[in-house]
Amino acid sequence: MTARIGTVAFQGIDTLAIDVQVQLTNGLPAFTIVGLPDKAVAESRERVRGALHGLGLSLPAKRITVNLAPADVVKEGSHFDLPIALSLLVAMEILPAEELCLYLALGELSLDGAITAVAGVLPAALNAASRDLGLICPAACGGEAAWAATETGRLAVLAPPHLLALVNHFKGSQILSPPEPRIADDAAILPDMRDIKGQESAKRAVEVAAAGGHNLLMAGPPGSGKSMLAQRLPGLLPPLDASEALEITMVHSVAGQLPGGGLMRRRPYRDPHHSASLPALVGGGARAKPGEISLAHNGVLFLDELPEFNRQTLEALRQPLESGRAVVARANHHVTYPARFQLIAAMNPCRCGHLDDPAIACGRAPRCAADYQSRLSGPLLDRIDLHIDVPAVRATDLSLPPATEGSAEIKVRVCEARARQAARYRNITGVRLNAHADGELLMQVAAPEPAGKALLDKAAEQMRLSARGYHRILRVARTLADLEGAPAVSRPHIAEALGYRRAFPGTG
Ligand SMILES: Nc1ncnc2c1ncn2[C@@H]1O[C@H](COP(=O)(O)OP(=O)(O)O)[C@@H](O)[C@H]1O
Ligand SMILES: [Mg+2]
Ligand SMILES: [Zn+2]
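Calculation notes
Residues numbered from 1 in each chain as written. Chains lettered and ligands numbered in written order. Predicted model: local features only at pLDDT ≥ 70, side-chain atom pairs only at ≥ 80, totals over all residues. Heavy atoms only, no water. Helix = DSSP H or I, 4+ residues; strand = E, 2+ residues; numbered from the N terminus. Buried < 20%, exposed > 50% of the residue type's maximum accessible area, 1.4 Å probe, protein only. Contact = heavy atoms within 4.5 Å. Lys, Arg positive; Asp, Glu negative; His and termini not counted. Charge placed at Lys NZ, Arg CZ, Asp CG, Glu CD. Near = heavy atom within 4 Å. Polar contact = N/O pair within 3.5 Å; in protein donor to acceptor, adjacent residues only side chain to side chain. Areas by Shrake-Rupley, 256 points an atom, 1.4 Å probe, with all protein chains shown as cover. Pairing = 2+ DSSP bridges. Salt bridge = Lys/Arg side-chain N within 4 Å of Asp/Glu carboxyl O.

S.K.: Pulling in residues and values, what's your account of the overall build of the protein chain?
M.R.: Of the regular secondary structure elements, the protein chain holds 22 helices and 16 strands. By principal-axis analysis of the C-alpha atoms, the protein chain measures approximately 85 × 45 × 45 Å. Classification of the 508 residues of the protein chain by burial places 54% in the buried group. Sequence separation of 24 or more characterises 73% of the internal contacts of the protein chain that already satisfy a separation of 6 or more. Put simply, the protein chain has 52 plus and 51 minus side-chain charges, and the middle of one group is 3 Å from the middle of the other.

Shown next, in the form of structure tokens:
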């Protein structure tokens, strides 16, 4: 007989339905898996053999053929262990075929039969719900699955810790209770803007970045508070809406980065070290896992010491910064992950960090700075709307009383500005914030009043702004107007926006 159970293969955060079929035939005992299994899937055989042994069973002395259909999709990962074992147990008539075919299963087996966590349970659960199937997944991933069950209202979830518990459940000698939904990350308290003394203009820039979704580059000496500022951005952003929360949770699920499972309610904040490899940052590697930029989707990506990142890695950010998606190439296809992140970058003004420092002068100025800044390409810098200097904190500032305004107050303004943008762009696909608006759209929505236009045109001529540079000013000015609730962009907005550009070599 042929036994079968459903599972999934992953393509990005999308799932493909896979059928795991097991056939036992007479002949020399053998155990083969066909249907483009990768190495981890091929090794399933040994884990399944071990897990069955853990149940006190041995493999039937027959030819065991496992077919993963459709045959033309590459099957990657260790989550095929569980469906293969279940299908085999059906073929051995230990589990009831008519019940198992109502489930989709995924999970890794350890040699003693324990079912261990795998990535991607949330997308698999949604796939199961869409096909009116139940889900069998590892106990450790029960929270993710339970959330999908509550959300869709029609998903039966079994989350056994061990293969034995599952067999007993179907035999009726042990009842598996459904797992509890969990929220992944609600407890942590975000750091507050109130902790930052002085640095009024840098704080203002962070507020503007939050309001319009703009990328921000901060240059300043070590210890001036750049990291502190970046860490406080997520606390200024509005909460995720339901679809944003689902998307980002799916990415984390596929990456195997949902410890404890459950839905993510917080915007992600990722701060990879500058030694991060290209696959770690943009995605790829052995199983085309999502990279940091996708894990930061709908949230903040902080790149400290930006010029220290590998040049190729930095250039690979350009495309996702533009499109909001990360394309990861595989041998014969590619996988796409969402990657609409807000980039906050920090750098020292020069390699040694002491340019303009009155106490410890930079010995190699001005070359030190020019060399260092030239590691950042013009096209990359062009995608960063706000460039600011963060000077060293003054000792007198440190003794100031705490600021009267904290993150909560700033967040109110940010949310109002974002609501104005949402209303303005509601009919434009792919644009929700000013940061996403391109040239033509900006000419419509951010056309300045005459005095503002005059100032911008004069500045454009004097600073020899490129078209991109010109649009950047308009984009930021639009956000400044939105923060005020002003319907039109006027001269003060243009004037302030002009202040958020640094003279980097090669940018206009
Ligand atoms: N404006 C500031 N207000 C209060 N503390 C500050 C400020 N700037 C820096 N600090 C202190 O200095 C430390 C280093 O700041 P950090 O943000 O890491 O600087 P940077 O990233 O620019 O090197 C912080 O942990 C904080 O204690
Ligand atoms: Mg720092
Ligand atoms: Zn220097």
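Having seen it, we continue.
S.K.: An account of helix H3 (residues 81-91) is needed here, citing residue identities and associated values.
M.R.: Burial of H3 is extensive: 11 of the 11 residues sit out of reach of the surface. The complete set of buried residues in H3 reads Asp81, Leu82, Pro83, Ile84, Ala85, Leu86, Ser87, Leu88, Leu89, Val90 and Ala91.

S.K.: Give a description of the site of ligand 1 that names residues and reports values.
M.R.: Residues in close proximity to ligand 1 total 14 residues, the closest being Lys197, Gly223, Lys226, Ser227 and Met228. Between an oxygen atom of ligand 1 and a side-chain N or O atom of lysine 226, the distance comes to 2.8 Å. Note that an oxygen atom of ligand 1 is positioned 2.9 Å from one of the backbone N or O atoms of methionine 228. Protein chains shield 66% of the accessible area of ligand 1, which is 550 Å² for the free molecule.

S.K.: Describe the environment of glutamine 11, naming the residues involved and giving the relevant values.
M.R.: With respect to the helices and strands, the residue glutamine 11 is situated in strand S1 (residues 2-11). The contact partners of glutamine 11, leaving out residues within four places of it in the chain, are Leu16, Val73 and Val335.

S.K.: Help me get a handle on the pairing of strand S13 (residues 325-329), residues and values and all.
M.R.: Only one face of S13 is covered, namely the face carrying Ala326 and Val328; the face carrying Arg325, Val327 and Ala329 is uncovered. Pairing of S13 with strand S14 (residues 334-338), which is carried by 5 bridges, proceeds in the antiparallel orientation. Along S14, the bridge assignment pairs alanine 326 with tyrosine 337. Hairpin connection from S13 to S14: 4 residues lie between these consecutive antiparallel strands.

S.K.: Run through the pattern of salt bridges, naming residues and quoting values.
M.R.: Scanning the entire structure with this criterion turns up 26 salt bridges. The partner of arginine 49 in a salt bridge is glutamate 46, and the shortest N-O contact between them spans 3.4 Å. Residue arginine 49 and its partner glutamate 46 are both found in helix H2 (residues 44-54); the two are separated by 3 residues, about one turn of the helix. You can call arginine 49 partly exposed: its relative accessible area is 38%. For glutamate 46, a relative accessible area of 42% puts it in the partly exposed group. Measuring nitrogen to oxygen at the nearest pair gives 3.0 Å for the salt bridge that ties aspartate 482 to arginine 478. Taken as a pair, aspartate 482 and arginine 478 lie in helix H21 (residues 467-484) at a separation of 4 residues, close to a single helical turn. Each member of the salt-bridge network shares a partner with another, and the members are Glu207, Glu405 and Arg413.

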